[in-house]
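# A closer look at the structure
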Amino acid sequence: RRREPMDAALWYVLARKTRQLSALFKASNEDKVAAFLLRDFENDEAARTSACKNAFALLAKHQVVGALAFFVLARRLDDVLNLLIMNMDEIHLAVLVVRLAAQSPQQETHLV
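Right, let's walk through the structure included here. (Residues numbered from 1 in each chain as written. Predicted model: local features only at pLDDT ≥ 70, side-chain atom pairs only at ≥ 80, totals over all residues. Heavy atoms only, no water.)

### Re the packing of helix α4 (residues 45-60) against helix α5 (residues 64-73)
Each pair of packed helices can be summarised by the angle the axes make with each other and by the distance between the axes. Running from amino to carboxyl end, α4 crosses α5 at an angle of 165°, the nearest separation of the two axes being 8 Å. As the angle between them shows, α4 and α5 are arranged roughly antiparallel. Here α4 runs over α5; the crossing is left-handed. Contacts between α4 and α5 involve Arg48, Ala51, Cys52, Asn54, Ala55, Phe56, Leu58 and Leu59 on the former and, on the latter, Val64, Gly66, Ala67, Phe70, Phe71 and Leu73. Of the residues belonging to the contact of α4 with α5, the class tally is 11 nonpolar, two polar and one charged. (Axes fitted to C-alpha atoms, helices over the stretch in contact; angles between N-to-C directions. Helix = DSSP H or I, 4+ residues; strand = E, 2+ residues; numbered from the N terminus. Parallel < 35°, antiparallel > 145°, perpendicular 65-115°, else oblique. Left-handed = near helix turned anticlockwise from the far one by under 90°. Contact = heavy atoms within 4.5 Å. Nonpolar A, V, L, I, M, F, W, Y, C, P; charged D, E, K, R; others polar.)

### A look at the nonpolar core
Nonpolar side chains in soluble globular proteins generally cluster together in the buried interior. Judged by nonpolar contacts, the single largest core of 34 residues is most densely connected at Phe70, Val72, Val80 and Val97. Mapped onto this core, the elements with two or more residues apiece are α1 (5-14), α2 (18-27), α3 (31-37), α4, α5, α6 (77-87) and α7 (91-101). When residues in this core are grouped by element, the largest group, seven residues, is from α5. When residues no more than four places from it in sequence are discounted, the contact partners of Val72 are Leu10, Val13, Leu14, Leu77, Val80, Val97 and Ala101. (Core = buried A, V, L, I, M, F, W, Y, C linked by side-chain atoms within 4.5 Å. Buried < 20%, exposed > 50% of the residue type's maximum accessible area, 1.4 Å probe, protein only.)

### Things to note about the side chain of Ser22
If you trace the backbone, Ser22 turns up in helix α2. For Ser22, a relative accessible area of 5% puts it in the buried group. Once residues lying within four places of it in the same chain are set aside, the contact partners of Ser22 are Ala34, Ala35, Leu37 and Leu38.

Structure (C-alpha cells):
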C-alpha cells in the first residue's frame, strides 16, 4: 500500500490545513510542492494562478485527485465541479466539495 500525500491533498485543502499538507510533502521529500503549499492562496492572485496551472499539469498526468486539490486552492470551483460531475460522475462528492470550499453562501448556491 502506497502512502502518497497527493492522495489526501483534497481533504487537507478542504479542511484549510495546507501547512500540515506541506509537512506531509516535506516528509516525502517533495520539497518543491511543500514550499508551494506554504504560499498565501487567500490573498495572492499569483499563487492562485500557479495553483491553477499546476492543476492542469496534474490533469495531464491523470492525477485527478491532486488536480482537484489545486483547483480548490486556485478557487476554480467551476473546474472542480466539472471534473467531479462530468468526468467522474461523483455528484455527491461535488456537493460536499462545494459546501466545504465555497467562500460564501451566495457562491455555494450559485454553484449548486
